[in-house]
Amino acid sequence: MSTHAGKTLTFIDLFKQDGLVQIPVLQRDYAQGREAESGIRQQFLALLRESLCAEDPWQPLDLDFIYGSMEAGTPTVFSVLDGQQRLTTLFLLHWYLALKCGKLEAFHATFLCHGYSRFTYKTRASAREFFDALALAKGIQLPLGHERLSDKIKDQKWFFSSWLLDPTVQGCLTMLDAMHEVFHDSTSSLYTRLINSQSPRIIFQFLNLNEFSLSDELYIKMNGRGKILSDFENFKASFSLNFKEFSCDNEFERKIDGVWTDLFWSLSNDNTKPLSHDKTEKFNSFYLRFFLLMAFYRQCELTEGSFEKLPDKNKLFLKNLRESKAYRAQQMPFSFDTYSLQRIEIVLDYCVANEHVRPLLRAVLEQNNYLTESRFYALVCLIHQLKTPTSDQFLRWQRVTDNLIHNQIIDSTEVFLPLARSLRRLATHAADLYAFLANTDEAMPGFTQEQWQEEKLKCQLLHSLKWQDLLQHGDWQAEDPSPCYESHPYLMGKVGFILKMSCPEGEKIPDPDLFKENADKVCALLDKSILNSDEFLLQRALLSLADYTWRCAGDKYSFGKHNGASYRERDENWFRVARTPLFSELVAAIAGGSRQSLLDLINYSNASGWRRLMITYPETFQYCSECVIGKEKEDHGKQEIYLVKRKQYNGYNTDLRTYVVKIILDDKKKTNILPSSIANYRHHDVTGHSQSFIDITLSDSKNYRITYEGFQFVSRLKSEKQEADWERSMPDAIANFLKEYFPEEDIAA
């Protein structure tokens, strides 16, 4: 590939050496072929025809500058920065005239390499495939009369209809139709004229940017020809009008185009891939998102009263600031006060100087959730308050605020407002946070009182070095001799219930050794290997001690979901159980390995009735994909239990007992030891409130339908008299089977 810099070239000169000409990802689609660009297209084609058809042109048609950069590789690639539209049109013109003039072999010799087009698009796979197929194409007949060339192309076997969804492909087809209208009556010498570099008809000025040592910053510093300014650039243009009002020495303006640009560029660029349009867009969106988020924080601080009492326009304003990925001055009429701008400068300078906070900065720029935004706001409050916090001050603040934020439901601006106010108040004590928490009686309404009281208690304990080792953040490692219990992925700072169960009898202060013993057990019980186990060890062990399930809706009861992605999920599941005396009893029963201890509780359980069945057969839990069972009638200690796929009966469901019959028969069938009198069976779960059942066919070919109703097993035989009727009939073979495996259940005669 030629590396000419500042040379006058023809289109074919770009291909005199091996290499590709590529339209990079950052470029837009081919625009000259758009239906709306008809005027530009016709004017450009008229200029091309005039230059090619003139018998004695006094000078070639100069298409101005084409520039880009060379990318090393095999083959080398000229990546086009400016000139995409003109180069694409020239490639299509070379193909069209080669087809019209019978010069496709010459065209292939120049523009094909190993069966692929040497002029290509990287924007979409469909565009690249289209150029490859077009460059290879043979046998296309030029249309006659009112036919269109694009229809001839679309009729080819190699043309995929899905390519028509690509705007670049659509534009190429439109341009080829327009070329045929302009050049259909031209002479057969035009292709030869077009590729003649000695007496060129069409030229351009070629610039290789590598020769000028230009770097990636070019892509974010310049506004290329025809490019629309990004939303961030529009915002910055408006924002910069007020620079002099708050920055007399212009330092803020220098940073926004200097070290802060480098910061956001590094956050948006992982340096593992070449520069792309996506990275440039990410840079702009990151930078804009930061300023809109800082504006959102400030507006929240200036908002008085509760969110629900705000006028609708104020609510919408806050919503737009927080959620918008675009800048619309009319929709977001805000300005930064001096306080905000000072804060922005302090925070960004801190992020430039301290790499350890950049993961959180990147997360808040990428994500759109209140939890991450709350954590970043806590960081903003700390940095604004202390400017350069010490390592201890930073770690203590992060530990306490993370514990408070992770252990409450933050899912709306209504919740975020009081939280932000409390974080801002708490930041005024960040210099000596533990001392403040240990001694304060101040209420912080933005936090849940349970977690607020827990953090105060822990700070009262932290005067002891022993407790300092036990209450710390870090990487959770269960095998570590001093693991960071608060960083356990399920606890996430909530250890108050462990502190409570670690108080010796009659004492109010927890014992550190007992806390460590209990915390080790709790962390093991709430480990993913236990929570995600298809054996449902935790649920079955708890059921072996008591019925711990809780009502979640109507007659539906939950036995606890394993997932804990959010505080709501954790609080509505295992934290609910952990607060009960039953969980303390379970923890006390754990000795040695948690898995084996749970199995011992399960295997030696004295539970009866439905609890015994669910403890014995974990497949019953597997059926309940929402971890919910239905409890209905109860009589003399017996209860009808329904396993449900959803939280309601509108999904598939089955009564527990007939499903256990299926499980037992499945196990026996796997080992080919079905009871000798049972030939076959089939379980039927149902939707709605219908009665589930299991059909059992005996060796005499009679089919019996088994249900559990009225607190007993009932068997029916299909009537030989009436086709739709079933008659009560309990054969000895089925009765004996049920008595063996369900000794507590009644069996109807």
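Above this text you will find the structure in question.
Before going into details, it helps to say that this report is about the structure given with it. (Residues numbered from 1 in each chain as written. Predicted model: local features only at pLDDT ≥ 70, side-chain atom pairs only at ≥ 80, totals over all residues. Heavy atoms only, no water.)

A tally of regular secondary structure across the chain gives 34 helices and 20 strands. Projected onto its principal axes, the C-alpha positions of the chain cover 110 × 85 × 50 Å. Relative to its 749 residues, the chain shows a buried fraction of 51%. A sequence separation of at least 24 residues applies to 64% of the contacts in the chain between residues at least 6 apart. Split by element, the accessible area of the chain, about 35700 Å² in all, is 49% carbon and sulfur. Once the 88 positive and 100 negative side-chain charges of the chain are each reduced to a mean point, those two points are 2 Å apart. (Helix = DSSP H or I, 4+ residues; strand = E, 2+ residues; numbered from the N terminus. Buried < 20%, exposed > 50% of the residue type's maximum accessible area, 1.4 Å probe, protein only. Contact = heavy atoms within 4.5 Å. Areas by Shrake-Rupley, 256 points an atom, 1.4 Å probe, with all protein chains shown as cover. Lys, Arg positive; Asp, Glu negative; His and termini not counted. Charge placed at Lys NZ, Arg CZ, Asp CG, Glu CD.)

The next point concerns unusual backbone geometry. The backbone phi angle of Phe536 is positive, close to 50°, even though this residue is not glycine. Turning to its location among the elements, Phe536 is positioned in the loop between helix 25 (528-531) and helix 26 (537-545). The exposure class assigned to Phe536 is buried, which follows from its relative accessible area of 14%. At Ser701, a position not held by glycine, the phi torsion is positive, near 75°. Structurally, the position occupied by Ser701 is in the loop between strand 16 (693-698) and strand 17 (703-709).

Attention now moves to the sheet that holds strand 9 (residues 550-553). The six strands are arranged 9-10-11-12-13-15 in an open sheet whose pairing can be described as antiparallel. A single partner strand is all that each edge strand has here, and the edge strands are strand 9 and strand 15 (686-687). Bridge count between strand 11 (residues 628-635) and strand 12 (residues 638-644): five bridges; the pairing is antiparallel. The residue bridging Lys631 from the neighbouring strand is Ile641, located in strand 12. (Pairing = 2+ DSSP bridges.)

In a beta sheet, neighbouring strands are held together by backbone hydrogen bonds and run either parallel or antiparallel to one another. If you trace the six strands from one edge of the open sheet to the other, you get 1-8-3-4-2-7, paired in mixed fashion. Of all the strands in the sheet, just strand 1 (7-9) and strand 7 (119-121) have a single pairing partner and so form its edges. Neighbour to neighbour, the strand axes of the sheet diverge by 40° on average, direction disregarded. On the sheet, helix 1 (residues 38-53) packs against strand 3 (61-71) and strand 8 (202-208) and is oriented at approximately 105° with respect to strand 3. On the sheet, helix 2 (residues 84-100) packs against strand 2 (20-23), strand 3, strand 4 (77-82), strand 7 and strand 8 and is oriented at approximately 105° with respect to strand 3. (Axes fitted to C-alpha atoms, helices over the stretch in contact; angles between N-to-C directions.)

So, about helix 6 (residues 167-183). End to end, helix 6 covers 24 Å across 17 residues, agreeing with the expected 24 Å (1.5 Å per residue, within 8%). The element helix 6 is largely enclosed, with a buried count of 14 among its 17 residues. Of the residues flanking the start of helix 6, the one acting as N-cap is Asp166, its side-chain oxygen 2.8 Å from the backbone nitrogen of Thr168. (Expected span 1.5 Å × (residues − 1). Polar contact = N/O pair within 3.5 Å; in protein donor to acceptor, adjacent residues only side chain to side chain.)

The axes of two packed helices give the description: the angle between them and the distance between them. Interaxial distance between helix 2 and helix 3 (residues 104-111) falls to 8 Å at its minimum, and their mutual angle equals 150°. Viewed along their axes, helix 2 and helix 3 adopt a mutual orientation that is roughly antiparallel. Residues Phe91, His94, Trp95, Ala98 and Leu99 of helix 2 form the contact with helix 3, whose own contacting residues are Leu104, Phe107 and Phe111. A class-by-class count of the residues in the contact of helix 2 with helix 3 yields seven nonpolar, one polar and no charged. (Parallel < 35°, antiparallel > 145°, perpendicular 65-115°, else oblique. Nonpolar A, V, L, I, M, F, W, Y, C, P; charged D, E, K, R; others polar.)

Take Lys456: it is sitting in helix 21 (residues 449-461). An unpaired buried charge is present at Lys456: no salt bridge exists, and Asp441, the closest side chain of opposite charge, is 4.7 Å distant. Here the side chain of Lys456 touches Thr440 through a polar contact of 3.2 Å, landing on its backbone oxygen. Sequence-distant contacts of Lys456, that is, excluding residues within four places in its chain, are made with Leu437, Ala438, Thr440 and Asp441. (Salt bridge = Lys/Arg side-chain N within 4 Å of Asp/Glu carboxyl O.)

A separate point is the packing of aromatic side chains. Within this structure, the stated rule accounts for 47 aromatic pairs. Here the aromatic rings of Phe91 and Phe107 are separated by 5.8 Å at their centres, their planes lie at 50°, and the arrangement is tilted. Of this pair, Phe91 sits in helix 2 while Phe107 is found in helix 3, placing the two residues 16 residues apart along the sequence. Classification of Phe107 by relative accessible area gives buried; the value is 0%. (Phe/Tyr/Trp six-rings, centres within 6.5 Å; stacked < 30°, edge-to-face > 60°.)

Taken together, the buried positions of helix 29 (residues 581-589) are Leu582, Phe583, Leu586 and Val587. End-on view of helix 29: buried residues confined to an arc of 140°, all on one side of the axis. Across helix 29 from its buried face, at more than 90 degrees, point the exposed residues Pro581 and Ala588. Those residues of helix 29 that are buried are in contact with helix 23 (496-501), helix 24 (512-525), helix 26, helix 28 (574-578) and helix 30 (594-603). (Arc of directions from axis to C-beta.)

Our next topic: the environment of Ala127. Structurally, Ala127 is set in helix 4 (residues 125-136). Judged by relative accessible area, Ala127 falls into the buried class, the value being 0%. Expressed as a C-alpha distance, the spacing of Ala127 and Tyr681, which sit 554 residues apart in the sequence, is 57 Å. Ignoring any residue separated from it by four or fewer positions in sequence, one finds Ala127 in contact with Tyr121, Asp166, Thr168 and Val169.

Each regular strand carries side chains that alternate between the two faces of the sheet. Covered by surrounding structure in strand 2 are Leu20 and Gln22 together with Val21 and Ile23, the residues of both alternating faces. Relative to strand 7, strand 2 runs parallel, the two sharing three bridges. Counterpart to Val21 in the pairing with strand 7 is Phe119.

This brings us to the nonpolar core. If you look at the biggest cluster of nonpolar residues, it comprises 153 residues, and the most contacted ones within it are Phe264, Phe290, Tyr297, Phe376, Leu426, Phe515 and Phe583. If one sorts the elements of this core by residue count, helix 13 (residues 277-302) sits on top with 13 residues. Once residues within four sequence positions are removed from consideration, Phe376 is found in contact with Phe290, Leu293, Met294, Tyr297, Val347, Leu360, Leu361 and Val364. If you look at the next biggest cluster of nonpolar residues, it comprises 62 residues, including Ala98, Tyr121, Ala135 and Ile153. (Core = buried A, V, L, I, M, F, W, Y, C linked by side-chain atoms within 4.5 Å.)

Counting across every chain of the model gives 41 salt bridges. Asp151 serves as the salt-bridge partner of Lys154, at 3.7 Å between the closest nitrogen and oxygen. Separated by three residues within a single helix, Lys154 and Asp151 lie in helix 5 (residues 149-154), roughly one turn from each other. Residue class for Lys154 comes out partly exposed when judged on its relative accessible area of 30%.

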